[in-house]
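Structure assessment
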Amino acid sequence: MTAQATSSQTWDQDVLQADGPVLVDFWAAWCGPCRAVSPILDQIAAEHQGKLTIVKLNVDENPDLAMKYQITSIPAMKVFVNGAVETSIIGAKPKHALEADLAAYIG
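Presented here is a report on the structure given in the accompanying data block. Because the structure is a prediction, the values reported are computed rather than measured.

Cut-offs and rules
- Residues numbered from 1 in each chain as written.
- Predicted model: local features only at pLDDT ≥ 70, side-chain atom pairs only at ≥ 80, totals over all residues.
- Heavy atoms only, no water.
- Salt bridge = Lys/Arg side-chain N within 4 Å of Asp/Glu carboxyl O.
- Buried < 20%, exposed > 50% of the residue type's maximum accessible area, 1.4 Å probe, protein only.
- Phe/Tyr/Trp six-rings, centres within 6.5 Å; stacked < 30°, edge-to-face > 60°.
- Helix = DSSP H or I, 4+ residues; strand = E, 2+ residues; numbered from the N terminus.
- Disulfide = S-S within 2.5 Å.
- Pairing = 2+ DSSP bridges.
- Axes fitted to C-alpha atoms, helices over the stretch in contact; angles between N-to-C directions.
- Contact = heavy atoms within 4.5 Å.

Turning to the pattern of salt bridges, a few remarks are in order. Throughout the structure, instances matching the rule amount to four salt bridges. Across the salt bridge formed by lysine 93 and aspartate 101, the nearest N and O atoms sit 2.6 Å from each other. We classify aspartate 101 as partly exposed; its relative accessible area is 30%.

Here it is in C-alpha cells:
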C-alpha cells in the first residue's frame, strides 16, 4: 500500500475524521527533497499498515491547507491524531530517522 493523495475536498474525511494517527506529507512536484522522501513514506505506509495512515497533500494545488497549517518549507510532515497536530517533522530524512520520529505511532 502506498500513501494516498488528499486535497481540500477530502481533507476532513482523510485526516480530521480518520481513525488512528495520520501522517500528512506536505509536498510539491518541483521539490527535490520531497521526491526523495516520497518512496520512503510509501515503504513506511506499506510496512505499518493499520497503525499509521500516510497521505500526501500537494501544497501548490491546496494552498489553503498549506496556509492553515503554516507550511513554510517542504517537505513538511505532520502527524494528526483525532484531528489535531501532534507531531511535526521538517525536511527529508532517511528511513531509519523517520521511523525513529514516528516510533510512538508505529512501534
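What follows continues from the structure just given.
Let's shift gears to the packing of aromatic side chains. Overall, the coordinates contain five aromatic pairs when judged by the stated rule. Summarising the aromatic geometry, the rings of tryptophan 11 and phenylalanine 26 are spaced 6.3 Å apart at their centres and angled 50° between planes, so their arrangement reads as tilted. Of this pair, tryptophan 11 sits in helix 1 (residues 11-16) while phenylalanine 26 sits in strand 2 (residues 22-27), and the two are 15 residues apart along the sequence. Taken as a pair, tryptophan 11 and phenylalanine 26 share a single burial class, namely buried. When the centroid spacing of 6.4 Å and the interplanar angle of 45° are considered together, the rings of phenylalanine 26 and tyrosine 69 count as tilted. Placement of phenylalanine 26 in strand 2 and of tyrosine 69 in the loop between helix 3 (63-68) and strand 4 (76-81) is noted, with a sequence separation of 43 residues between them. Pair check on accessibility: phenylalanine 26 and tyrosine 69 agree, each one buried. Put simply, the rings of Trp11, Phe26, Tyr69 and Phe80 touch in pairs and so form one group of aromatic residues.

This next bit is on the state of the cysteines. Summed over all chains, the structure comprises one disulfide. Two residues share a disulfide in this structure: cysteine 31 and cysteine 34, whose sulfurs sit 2.3 Å from each other. With the S-S dihedral at roughly 80°, the linkage between cysteine 31 and cysteine 34 falls on the right-handed side. Note on cysteine 31: relative accessible area 4%, which makes it buried.

Spatially, 1-3-2-4-5 is the arrangement adopted by the five strands of the open sheet, whose pairing is mixed. Both outer strands of the open sheet, strand 1 (4-6) and strand 5 (84-90), are each paired with one neighbouring strand and no more. Strand-to-strand twist in this sheet, taken as the mean axis angle between neighbours without regard to direction, amounts to 30°. Here strand 1 runs beside strand 3 (residues 53-58); their pairing, made up of three bridges, is parallel. Looking across to strand 3, one finds that glutamine 4 is bridged to valine 55. Contacting strand 2, strand 3 and strand 4, helix 2 (residues 32-47) crosses the sheet at an angle of about 155° to strand 3.

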